Amino acid sequence: DNDILCVLGTKYAHTPAQIGLRWAIQKGISVIPKSVNPDRIASNANIFDFNIEDEDMAIMDTLNEDLHTSHVPDDLKDMLQSKGYFLIFSLFVNY
């Protein structure tokens, strides 16, 4: 887990995963979390009872490390980024 997400999880009394999902929702990004564990599925859905403060959103915005788990060809990545898309959680989104 990322230390910042853990600290924010404590602050907002939610898991680091819930903090990451809530960040995306507040950015207007649709998320589809994957899990087969019923408890985790329920936890992932429990992100609408709080808002992350603007200052904390700004901190989270700095966490991008351009890491991904699938190959994105450099020319495709460059083209998408030139059109305003950003790589977030292994998906390109435009916000």
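### Focus: the packing of helix H2 (residues 16-26) against helix H4 (residues 54-61)
Okay, step 1: At a minimum axis distance of 11 Å, the contact between H2 and H4 shows a crossing angle of 100°. With respect to each other, H2 and H4 are oriented roughly perpendicular. Contact with H2, carried on its side by Ile19, Gly20, Trp23 and Gln26, involves Met57, Met60 and Asp61 of H4 and no other residues of that element.

### Remarks on unusual backbone geometry
Okay, step 1: Even without being a glycine, Ala13 presents a positive backbone phi close to 55°.
Okay, step 2: A relative accessible area of 65% places Ala13 in the exposed class.

### A short note on the side chain of Asp56
Okay, step 1: Relative to the elements of secondary structure, Asp56 occurs in helix H4.
Okay, step 2: Among the polar contacts listed, one links the side chain of Asp56 to the side chain of Lys11, at a separation of 2.7 Å.
Okay, step 3: Asp56 has contacts with Leu8, Lys11 and Tyr12, leaving out every residue within four places of it along the chain.

### A few points about the pattern of salt bridges
Okay, step 1: Going through the model one piece at a time under the given rule, you end up with three salt bridges.
Okay, step 2: With its nearest N and O atoms 2.7 Å apart, the salt bridge here joins Lys11 to Asp56. With Lys11 in helix H1 (residues 3-12) and Asp56 in helix H4, this pair connects stretches of sequence that are 45 residues apart.
Okay, step 3: On the basis of relative accessible area, Asp56 is assigned to the buried category, the value being 7%.
Okay, step 4: A single network of salt bridges, built from pairs that share partners, joins Lys11, Glu53 and Asp56.

### Describing the packing of aromatic side chains
Okay, step 1: Applying the stated criterion to the full structure yields one aromatic pair.
Okay, step 2: For the ring pair Tyr12 and Phe50, a centre distance of 5.9 Å and an interplane angle of 35° mean the geometry is tilted. Separated by 38 residues along the polypeptide, Tyr12 in helix H1 and Phe50 in the loop between helix H3 (38-45) and H4 bring together distant segments of the chain. Each member of the pair, Tyr12 as well as Phe50, is classed as buried.

Thresholds applied
- Residues numbered from 1 in each chain as written.
- Predicted model: local features only at pLDDT ≥ 70, side-chain atom pairs only at ≥ 80, totals over all residues.
- Heavy atoms only, no water.
- Axes fitted to C-alpha atoms, helices over the stretch in contact; angles between N-to-C directions.
- Helix = DSSP H or I, 4+ residues; strand = E, 2+ residues; numbered from the N terminus.
- Parallel < 35°, antiparallel > 145°, perpendicular 65-115°, else oblique.
- Contact = heavy atoms within 4.5 Å.
- Buried < 20%, exposed > 50% of the residue type's maximum accessible area, 1.4 Å probe, protein only.
- Polar contact = N/O pair within 3.5 Å; in protein donor to acceptor, adjacent residues only side chain to side chain.
- Salt bridge = Lys/Arg side-chain N within 4 Å of Asp/Glu carboxyl O.
- Phe/Tyr/Trp six-rings, centres within 6.5 Å; stacked < 30°, edge-to-face > 60°.

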